[in-house]
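An overview of the molecular structure
As a plain string of letters, each chain reads:
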2 protein chains.
Amino acid sequence: MLSQTVEYALRAMVHLAASSREARTTDQIAEATHVPKAYLSKVLQSLVRAGLVHSQRGVGGGMTLVHTPDQVTILQVVNAVEPIQRIHTCPLGLSTHGKNLCPLHRRLDDAMAEVESAFANTRLSEVLAAPGASIPLCESAIDESPSPVGQAGEPG
Amino acid sequence: MLSQTVEYALRAMVHLAASSREARTTDQIAEATHVPKAYLSKVLQSLVRAGLVHSQRGVGGGMTLVHTPDQVTILQVVNAVEPIQRIHTCPLGLSTHGKNLCPLHRRLDDAMAEVESAFANTRLSEVLAAPGASIPLCESAIDESPSPVGQAGEPG
């Protein structure tokens, strides 16, 4: 149910969020997120149009987040590329149903409301900073393997 | 997030569930569900392939449900036409993530799990029989209007 476009938009936003305020080119984002460049360009255009990403042309230019990661929700990213469609009126156009959804459409809309709420309550900063978990888009030390003695790395 | 195909498949199944064991032609289902016939035919083929609908050719033939409405969940219908995609391994193919999803993919999969669970726990019979609600696919008496005296209708 989550499209490839949604997945790619989230990867791009997470990458930019992890890049602080440093501008990233489409090439750099494509490499980091494992997204085909042409597809990524379209996704980035949608994110720019939605006011989530700033695009600076020219030498030293690139993409940056407009807001800080704690100001952006997953829902904003999803809605920028593929808005969650709530059911507000009877999809069959039945006049006596109107806004009073029948049990079928009520249950479908309830499910969409759950997803919408879960995404609205998750900020980019949260998925970057969850303690003890692997980091989105990044290879990380495997939990099961013992740490090499004397090689404690920098915190990721 | 719920596609047109899912919506149409559910309408077809609800119509057949409400038709008891009486066979319905594609024309009849298309009219009752407000779905274009060509589109409906493809949806019905998927439902037949999934073992949810039986198709009987010839005079007096048509479509019937294979199971009774209390044996079929919304999830089975959705999965027959557009399976809910859970995230089982890292979509980026990061070897150190593997099945240990990062916080981004964990949250996305949690949302899909919520939807899957809600649909698995709703049977066709429930959306047909919810008390006091309007009936799927059918025009119904408007709740706000007073009941005509002495004209208590048959139960729907």
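Residues numbered from 1 in each chain as written. Chains lettered and ligands numbered in written order. Predicted model: local features only at pLDDT ≥ 70, side-chain atom pairs only at ≥ 80, totals over all residues.

On to the overall build of chain A. In terms of regular secondary structure, chain A is built from six helices and two strands. Written out in order from the N terminus, the α and β elements of chain A read α-α-α-β-β-α-α-α. Counting over 156 residues, chain A shows a buried share of 35%. In chain A, the share of contacts with a sequence separation of at least 24, taken over all contacts with a separation of at least 6, comes to 63%. (Helix = DSSP H or I, 4+ residues; strand = E, 2+ residues; numbered from the N terminus. Buried ≥ 20, exposed ≤ 12 C-beta atoms within 10 Å, placed from the backbone. Contact = placed C-beta atoms within 7 Å.)

The next thing to look at is the environment of Pro 36 of chain B. Mapped onto the elements, Pro 36 of chain B comes out in the loop between α2 (26–33) and α3 (37–49). C-alpha of Pro 36 of chain B to C-alpha of Phe 119 of chain B: the two residues are 83 residues apart in sequence and 25 Å apart in space.

Interfaces are often sized by the accessible area lost when the parts come together. Opposite the 41 residues of chain A that make contact, chain B presents 41 residues. Elements supplying a minimum of two residues to the side of chain A that touches chain B: α1 (4–18), α5 (103–120) and α6 (124–129) of chain A. A per-element tally of the side of chain A that touches chain B places α5 of chain A first, with 11 residues. When grouped by side-chain class, the residues that make up the side of chain A that touches chain B number 26 nonpolar, nine polar and six charged. (Nonpolar A, V, L, I, M, F, W, Y, C, P; charged D, E, K, R; others polar.)

For the rest of this paragraph, the subject is the pairing of strand β2 (residues 62–65) of chain A. Residue and element names in this part refer to chain A. Across four bridges, strand β1 (residues 53–56) lies against β2 in antiparallel orientation. Bridged to His 54 within β2 is Thr 64. As consecutive antiparallel partners, β1 and β2 are separated by five residues, and within that stretch Gly 58 has a phi angle of approximately 90°, a positive value. (Pairing = 2+ DSSP bridges.)

It takes a turn of 180° to lay chain A on chain B, together with a shift of 0.0 Å along the axis; the resulting RMSD is 0.0 Å. These values place the two chain copies in the arrangement generated by a two-fold rotation axis. Among all residues of chain A, the minimum C-alpha distance to the rotation axis is found for Met 1 of chain A, at 2.8 Å. Of all interface residues in chain A, 98% are interface residues in chain B too; the two copies therefore contact each other through one and the same surface. (Least-squares fit on C-alpha atoms with pLDDT ≥ 70 in both.)

A few words now on unusual backbone geometry. All names here are of chain A. Of note in this structure, His 34 is not a glycine but carries a positive phi near 60°. Following the sequence through the fold, His 34 ends up in the loop between α2 (26–33) and α3 (37–49). Given 14 C-beta atoms within a 10 Å radius, His 34 is considered partly exposed.

A few words now on the packing of helix α1 (residues 4–18) of chain B against helix α4 (residues 74–81) of chain B. All names here are of chain B. At their nearest, the axes of α1 and α4 sit 9 Å apart, and the two run at 130° to each other. The angle between α1 and α4 falls in the class oblique. As α1 packs across α4, the resulting crossing turns out to be right-handed. Contacts from Thr 5, Val 6, Ala 9, Leu 10 and Met 13 of α1 reach α4 at Ile 74, Val 77, Val 78, Ala 80 and Val 81. (Axes fitted to C-alpha atoms, helices over the stretch in contact; angles between N-to-C directions. Parallel < 35°, antiparallel > 145°, perpendicular 65-115°, else oblique. Left-handed = near helix turned anticlockwise from the far one by under 90°.)

For the rest of this paragraph, the subject is α5 of chain A. A rise of 1.5 Å per residue sets the reference length of α5 of chain A, with its 18 residues, at 26 Å; its end C-alpha atoms lie 25 Å apart and thus fit the reference within 8%. Within the sequence span of α5 of chain A, burial applies to Pro 103, Leu 104, His 105, Arg 107, Leu 108, Ala 111, Val 115 and Phe 119 of chain A. Check the buried side of α5 of chain A and you find it contacts α4 (74–81) of chain A together with α1, α4, α5 (103–120) and α6 (124–129) of chain B. (Expected span 1.5 Å × (residues − 1).)

This next bit is on the nonpolar core. Among the nonpolar cores identified, the biggest contains 81 residues, and Ala 9, Ala 12 and Met 13 of chain A together with Ala 9, Ala 12 and Met 13 of chain B are the most heavily contacted of them. Discounting chain neighbours no more than four positions away, the residues touching Ala 9 of chain B are Val 43, Leu 47, Val 77, Ala 80 and Val 81 of chain B. (Core = buried A, V, L, I, M, F, W, Y, C linked by C-beta atoms within 7 Å.)

Residue and element names in this part refer to chain B. Taking 1.5 Å per residue, 13 residues should reach 18 Å; α3 reaches 18 Å between its end C-alpha atoms and fits that length. Elements in contact with the buried residues of α3: α1, α2, β1 (53–56), β2 (62–65) and α4. Positive backbone phi, approximately 80°, marks Gly 51, located one or two places after α3.

Right, let's get into the environment of Arg 107 of chain B. Inspection of the secondary structure assignment puts Arg 107 of chain B in helix α5. For Arg 107 of chain B, a count of 21 C-beta atoms within 10 Å corresponds to the buried category. A sequence separation of 20 residues divides Arg 107 of chain B from Ile 87 of chain B, and the C-alpha atoms of the two residues are 10.0 Å apart. Residues within four places of Arg 107 of chain B in sequence aside, it is in contact with Ile 74, Thr 122 and Val 127 of chain A.

With that settled, the discussion passes to the confidence of the model for chain A. All names here are of chain A. Mean pLDDT over chain A: 85, with 87% of residues reaching 70 or higher. Ranking the elements of chain A by mean pLDDT puts α6 last with 86 and α3 first with 97. Considering only residues more than four positions removed or in separate chains, one finds that residues 142–156, a stretch of pLDDT under 50, has five contacts. Under the prediction, the complex receives an ipTM of 0.79, its pTM being 0.81. (pLDDT = per-residue confidence, 0-100.)

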